[in-house]
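A look at the structure
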Amino acid sequence: MDPGVVDLRLRTGITVPCLVAGDADAPPVLLLHAWAESRCSFDRLIPLLSGFRVYAPDLRGQGDADKPEAGYSLREQAEDAAAILDALDVRRAFVVGSSSGGYVAQQLAVAHPGKVAALVLAGSPLSLQGRTEFADEVDALADPVDEDWVRDSLTWFPLQHEVPRWYVEDRVRDGLRMPAHVWKSILAGRIDASVLKIYPRVGHLVLWECPNRVAKDAAAFFRSHAQGPGQPGPGHTAGSLVGRVKAAYDNLPLPFPVVAAMAADLLLARLRPMPLPGSRALHRASGTALVIAGLGLNAWALAERRRNSPGPFALERPEELVTNGPYAFSRHPMYVGWWLIELGAGTLAGSAWVLVTMPAELLVEHPVVREEEATLAGLFGASYRDYAAKVPRYLGHAGLPNPLTTLRTGAIIMTERHLTVRRQSAASAASIWAVLADFPNLARVWDGIKASEGIGGRTAGLGARRRVRLSPFGSMVETVTAWKEHQELGTVNKPSALVPFKQAHSRLTLEPAGSGTSMTFHYRYVPRGGPLGTLTGIAIDRMLTATFTSMLAAIDKAAVKAG
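In what follows, the accompanying structure is described. (Residues numbered from 1 in each chain as written. Predicted model: local features only at pLDDT ≥ 70, side-chain atom pairs only at ≥ 80, totals over all residues. Heavy atoms only, no water.)

Observations concerning the overall build of the chain
Keep this limit in mind: Strands are runs of DSSP state E lasting at least 2 residues, helices are runs of H or I lasting at least 4, and numbering of each runs from the N terminus. Categorising residues by exposure relies on relative accessible area from a 1.4 Å probe, with only protein chains included: less than 20% of the type maximum marks a residue as buried, more than 50% marks it as exposed, and the intermediate range marks it as partly exposed. By definition, residues are in contact when any of their heavy atoms lie within 4.5 Å. To measure how exposed things are, a 1.4 Å probe is used in the Shrake-Rupley method; for residues, cover is taken only from the protein chains shown.
Secondary structure assignment for the chain yields 16 helices and 13 strands. When each of the 563 residues of the chain is scored for burial, the buried share is 49%. Restricting to contacts in the chain with at least 6 residues of sequence separation, those with at least 24 account for 67%. Accessible surface for the chain amounts to roughly 26,900 Å². Of this, 59% is attributable to carbon and sulfur atoms.

With respect to the packing of aromatic side chains
Rules: Pairs were defined over the aromatic rings of Phe, Tyr and Trp, the Trp ring being its six-membered one, requiring ring centres within 6.5 Å. Orientation was assigned from the angle between planes: stacked under 30 degrees, edge-to-face over 60, tilted for the rest.
Counted under the stated rule, the structure contains 10 aromatic pairs. A ring pair is formed by Tyr335 and Trp339, whose centres lie 6.1 Å apart and whose planes are at 45°; its orientation type is tilted. Here Tyr335 pairs with Trp339, and both are found in helix H12 (residues 333-349), just four residues apart, close to one helical turn. Taking the centre distance of 5.2 Å and the plane angle of 55° together, the rings of Phe501 and Tyr525 count as tilted. Here Tyr525 lies in strand E13 (residues 516-527) and Phe501 lies in strand E12 (residues 501-513), a separation of 24 residues in the sequence. Across the pair, Tyr525 and Phe501 agree in class, each one buried. Among the aromatic residues, those joined into a cluster by ring pairs are Phe501, Phe521, Tyr523, Tyr525 and Phe548.

Overview of the nonpolar core
Counted only if it meets this: Residues grouped as a nonpolar core are buried Ala, Val, Leu, Ile, Met, Phe, Trp, Tyr and Cys residues, joined through side-chain atoms within 4.5 Å.
Ile432, Leu436, Phe501, Tyr523, Tyr525, Leu544 and Phe548 are the most contacted members of the largest nonpolar core, which has 36 residues in total. Those elements that place two or more of their residues in this core are strand E7 (417-425), helix H15 (429-437), strand E9 (465-470), strand E10 (475-484), E12, E13 and helix H16 (533-562). Here this core gets eight residues from one element, more than from any other, and that element is H16. Formed by 28 residues, the second largest nonpolar core is a distinct cluster that contains Val16, Leu30, Ala83 and Leu121.

Notes on the layout of surface pockets
Put simply, the test is: In the cavity and pocket records, a cavity denotes points on a 1 Å grid over the protein atoms alone where a 1.4 Å probe fits but cannot get out, a pocket denotes an open set with protein on both sides within 12 Å along at least 5 of 7 lines, and lining residues are residues with an atom within 4 Å of a point. Grid points are joined across faces, edges and corners, and a volume is the space filled by probe spheres set on the points.
Taken as a whole, the second largest pocket holds about 690 Å³ of empty space. Trp446, Ile449, Leu470, Thr547 and Phe548 are the residues nearest the centre of the second largest pocket, which is lined by 37 residues in total. Contributions of two or more residues to the lining of the second largest pocket are made by H15, E9, E10, strand E11 (488-495), E12, E13 and H16.

Considering the sheet that holds E7
Condition: We call two strands paired when DSSP finds no fewer than two bridges between them. Helix axes are fitted only over the stretch in contact, all axes being lines through C-alpha atoms; the angle between N-to-C directions runs from 0 to 180 degrees.
Read across the sheet, seven strands follow the order E7-E13-E12-E11-E10-E9-E8 without closing on themselves; strand pairing throughout is antiparallel. Looking along the sheet, the strands with just one partner apiece sit at the ends: E7 and strand E8 (449-455). Averaged over all neighbouring strand pairs, the angle between strand axes comes to 20°, with direction disregarded. Bridge count between E7 and E13: nine bridges; the pairing is antiparallel. For Leu419, the partnering residue across the bridge sits in E13 and is Tyr523. Here H15 sits on the sheet in contact with E7, E10, E11, E12 and E13, set at roughly 155° to E12.

Digging into the side chain of Thr347
Tracing the chain through its elements places Thr347 in helix H12. Aside from chain neighbours lying at most four places away, what touches Thr347 is Leu276, Arg280, His283, Ser286, Gly287 and Leu290.

Observations regarding the pattern of salt bridges
When the charged atoms of two side chains with opposite charge come close together, those side chains can pair. Defined as follows: Salt bridges are counted wherever a side-chain nitrogen of Lys or Arg sits within 4 Å of a carboxyl oxygen of Asp or Glu.
Counted by the stated rule, this structure contains 16 salt bridges. A salt bridge links Lys115 to Asp86, with the nearest nitrogen and oxygen atoms 2.5 Å apart. Of this pair, Lys115 sits in the loop between helix H2 (101-111) and strand E6 (116-122) while Asp86 sits in helix H1 (residues 74-87), placing them 29 residues apart in sequence. Judged by its relative accessible area of 14%, Lys115 is buried. Since its relative accessible area comes to 36%, Asp86 is described here as partly exposed. Sharing partners across several salt bridges, the network here consists of Arg11, Glu79, Asp86 and Lys115.

Here's the deal with the pairing of E11
For E11, the buried fraction is high: six of the eight residues fall into the buried class. The sheet contact formed by E10 and E11 spans eight bridges and is antiparallel. Residue pairing across strands places Val480 opposite Thr491, the latter belonging to E11. The antiparallel pairing of E10 with E11 creates a hairpin that spans three residues between the two strands, and His486 there sits at a positive phi of about 70°.

So, the sheet that holds strand E4 (residues 53-57)
Across a sheet, paired strands are connected by hydrogen bonds in the backbone, their directions being either parallel or antiparallel. A sheet is described by the order of its strands in space; here six strands give the open sequence E1-E2-E4-E3-E5-E6, paired in mixed fashion. With one partner strand each, in any of the chains shown, strand E1 (4-9) and E6 form the two edges of the open sheet. Strand-to-strand, the axes of this sheet are offset by a mean angle of 25°, without reference to chain direction. As judged from the six bridges shared by E1 and strand E2 (residues 15-21), these two strands associate in the antiparallel manner. Within the sheet, the bridge partner assigned to Val5 lies in E2 and is Leu19. Sheet strands in contact with H1 are E1, E2, strand E3 (28-32), E4 and strand E5 (93-98), and its direction is about 145° off that of E3. Packing of H2 onto the sheet brings it into contact with E3, E5 and E6, and relative to E6 it is tilted by some 160°.

Focus on the side chain of Ser518
Within the element layout of this structure, Ser518 appears in strand E13. Judged by its relative accessible area of 18%, Ser518 falls in the buried class. For Ser518, the residues in contact, after removing those within four places along its chain, are Arg423, Gln424, Thr509, Leu510, Glu511 and Ala513.

Everything listed here is a matter of geometry and, on its own, says nothing about what the molecule does.
This is the structure:
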């Protein structure tokens, strides 16, 4: 869905506009802006929150929201936030509070804990106990608020990173739209003992300076949190068939690598048979026993998990640490169960290919298991660490060494790969930028892709999006994250499943060089395939380098031709 703004009439008696972006079935995120700002302060963050349904309202007295004389205490502002969720028919959401918006977010969590699935506080002060040094200036304000004063107020919080000029000017306009009585009332409504979230070498205005880091960390936190609001029940209203199917799938203990490995076993057995030694009767007997053992272990583990879930059951979001039943001798009995089923299915078929695919699958799944354990350690702390010290990761008796438990994967952990391609052009930066600025229509100048098209109404500037249809197959959605005319164009790229990497970021910079322009294209991506991506990444690097060299040549040619 393209971003749009809806007017919400709240049960608290005011009307506020709210920007809505993202797929309707995605997990909901509520963004609460800072004092004297508006929903527009999230313009650089929202395009980076892919995979979420984002709601960004103007809060009482600010932006285009109603500006009554009263209602600015922290409790009343939090009640407005709760009413916004009610008006949107969102029962439970992730909440991000920027700067003083973090106070409202915390009070919302205290007053309405059922509405807040997880809380991110970006640049929220630890305390505003007593009078701040700028309180006297605010008390002296009168309408109309002076523009020079608003500009000076932005210097209260020094910036450590460059912030686009247009973004600063937008914040000045936000301040000018806010009457003097709102400036005063909101400041008077603050409380102390807030929670501080800070990045090293970043000023107070975290959202202004590094929206990419906020988006990345917030999204990771939301996705790893113990209760996902996108699920039916505790999350937002989800009565659709898609929501019910997704909830059912999320509660199936079915790792995708197992399915892929079993499919590979069947395919390889047909294309190039490799029979197991022994009689067919032995294969059938032992294979059946392994399948039954795996099914029984999974059923036992799933029953224990359900029995230990005090709330609505969600397999990947445990509410209690389960240490009994099969969890007393394996920290991951469901993985073991599926491996037994896979081994049994291969044995039943009499195919030795299962002995080849299973080790590869284990290498892929083991890092995932390690990530799950890190999540559990974060949720249950010392209790989980004590449990992990006593119980093997996969199979064995408590207290006895298990070689699989101590398997190390440091040599195969996937990292981003980085590429840089340069080209010297005889064209001016303005001519090259004219080609780049026609963002949706890259295919007009470069035949290295099948087609390109704009998504939504924004065709240029931050937040502009296009879909690129790749050759020979696959596609990619690209969203602009940096747009400096004649200087820099950056995007975040979301490829389809057929593309051999799962996420990417690009940045093309233009610099004067003699009578022409130097073009530098930086690209970073993460290959698909887990540990196998370490090997495939080498081939992908070569493919992408050739591709981007061709792209820069095409842009150069079009710019020179246009003059």
